[in-house]
Amino acid sequence: QVQLVESGGGLVQAGASLRLSCAASGLTFGEYVMGWFRQAPGKEREFVAAISRSGGTPYYAESVKGRFTTSRDNTKNTVYLGMNSLKPEDTAVYYCAAAAYTGGVWTDKYKYDWWGQGTQVTVSS
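Residues numbered from 1 in each chain as written. Predicted model: local features only at pLDDT ≥ 70, side-chain atom pairs only at ≥ 80, totals over all residues. Heavy atoms only, no water.

Participant: Hey, could you run me through the side chain of Thr 102 in this one?
Facilitator: For Thr 102, the location among the structural elements is in the loop between strand E9 (92–99) and strand E10 (114–115). Overall, Thr 102 belongs to the buried group, its relative accessible area being 4%. (Helix = DSSP H or I, 4+ residues; strand = E, 2+ residues; numbered from the N terminus. Buried < 20%, exposed > 50% of the residue type's maximum accessible area, 1.4 Å probe, protein only.)

What follows is the structure, encoded as structure tokens:
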């Protein structure tokens, strides 16, 4: 069965960095757009970043542009989210997701077919 397993979350101070990983299994990884979303308590799940099947075209939410970087290694079936200059408002559960077809709309969470269980990121001020 398909599994997406995130890791790398934790508790850090504002200004620190973290790198999340998402290991995929049970699917042909290179055929999926990979996305990152996050959900803070009491808020909707929101788009953070996504990357094309080949890894050549990342896309970011305005709130993280310039601070976060997503990449993928199709030989390892893994996608990464590097997070720098973390802020308290980045605190959330971070999820990776896989989409077979998005119609070019990477930001729509309903386009994604498979989701990980999430990893908590907490940024203290």
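Text resumes after the structure shown.
Participant: Would you explain the environment of Thr 91 in this entry?
Facilitator: Tracing the sequence through the fold places Thr 91 in the loop between strand E8 (78–83) and E9. Sequence spacing of Thr 91 and Ser 124 is 33 residues, and the spatial spacing of their C-alpha atoms is 8.4 Å. In contact with Thr 91, not counting residues within four places along its chain, are Ala 40, Gln 120, Val 121, Thr 122 and Val 123. At 2.9 Å, the side chain of Thr 91 forms a polar contact with the backbone oxygen of Pro 88. There is a polar contact of 2.9 Å between the side chain of Thr 91 and the backbone nitrogen of Val 123. (Contact = heavy atoms within 4.5 Å. Polar contact = N/O pair within 3.5 Å; in protein donor to acceptor, adjacent residues only side chain to side chain.)

Participant: Help me understand the state of the cysteines in this model?
Facilitator: Each disulfide is one covalent bond, formed between the sulfur atoms of two cysteines. The final tally for this structure, using the stated rule, is 1 disulfide. Residue pairing for Cys 22: its cysteine sulfur links by disulfide to Cys 96, the two sulfurs lying 1.9 Å apart. Looking along the S-S bond of the Cys 22-Cys 96 disulfide, the torsion reads about 50°, which is the right-handed sense. Of the two residues, Cys 22 is situated in strand E3 (residues 18–25) and Cys 96 in strand E9; the sequence distance between them amounts to 74 residues. By relative accessible area, which is 0% here, Cys 96 ends up buried. (Disulfide = S-S within 2.5 Å.)

Participant: When you look at the nonpolar core in this model, what are you seeing that I'm missing?
Facilitator: The tendency in soluble globular proteins is for nonpolar side chains to be buried side by side. Counting 37 residues, the largest nonpolar core has Met 34, Leu 81, Met 83 and Tyr 94 as the members making the most contacts within it. Going through the elements one at a time, E3, strand E4 (33–39), strand E5 (46–51), E8, E9 and strand E11 (119–124) are the ones with two or more residues in this core. (Core = buried A, V, L, I, M, F, W, Y, C linked by side-chain atoms within 4.5 Å.)

Participant: Explain unusual backbone geometry here, please?
Facilitator: Negative phi is the rule for most residues except glycine; trans is the rule for most peptide bonds. One non-glycine residue, Asn 77, lies in the positive phi region at around 55°. Positionally, Asn 77 belongs in the loop between strand E7 (68–73) and E8. Residue Ser 85 is not a glycine yet carries a positive backbone phi of 50°. Examined against the element boundaries, Ser 85 turns out to sit in the loop between E8 and E9.

Participant: Whenever I open this one, the pattern of salt bridges confuses me. Can you help?
Facilitator: Oppositely charged side chains may form a pair once their charged atoms are brought near each other. What the rule picks out here adds up to 5 salt bridges. Between Lys 109 and Glu 44 there is a salt bridge, and its shortest N-O distance comes to 3.9 Å. In this pair, Lys 109 is assigned in the loop between E9 and E10 and Glu 44 in the loop between E4 and E5, connecting sequence segments 65 residues apart. A salt bridge links Arg 67 to Asp 90, with the shortest nitrogen-to-oxygen separation between them at 2.7 Å. Of this pair, Arg 67 sits in the loop between strand E6 (58–60) and E7 while Asp 90 sits in the loop between E8 and E9; the two residues are 23 residues apart in sequence, bridging distant segments of the chain. With respect to burial, Arg 67 and Asp 90 carry one shared label: buried. Taken together, the salt bridges that share partners define one network made up of Arg 38, Glu 46, Arg 67 and Asp 90. (Salt bridge = Lys/Arg side-chain N within 4 Å of Asp/Glu carboxyl O.)

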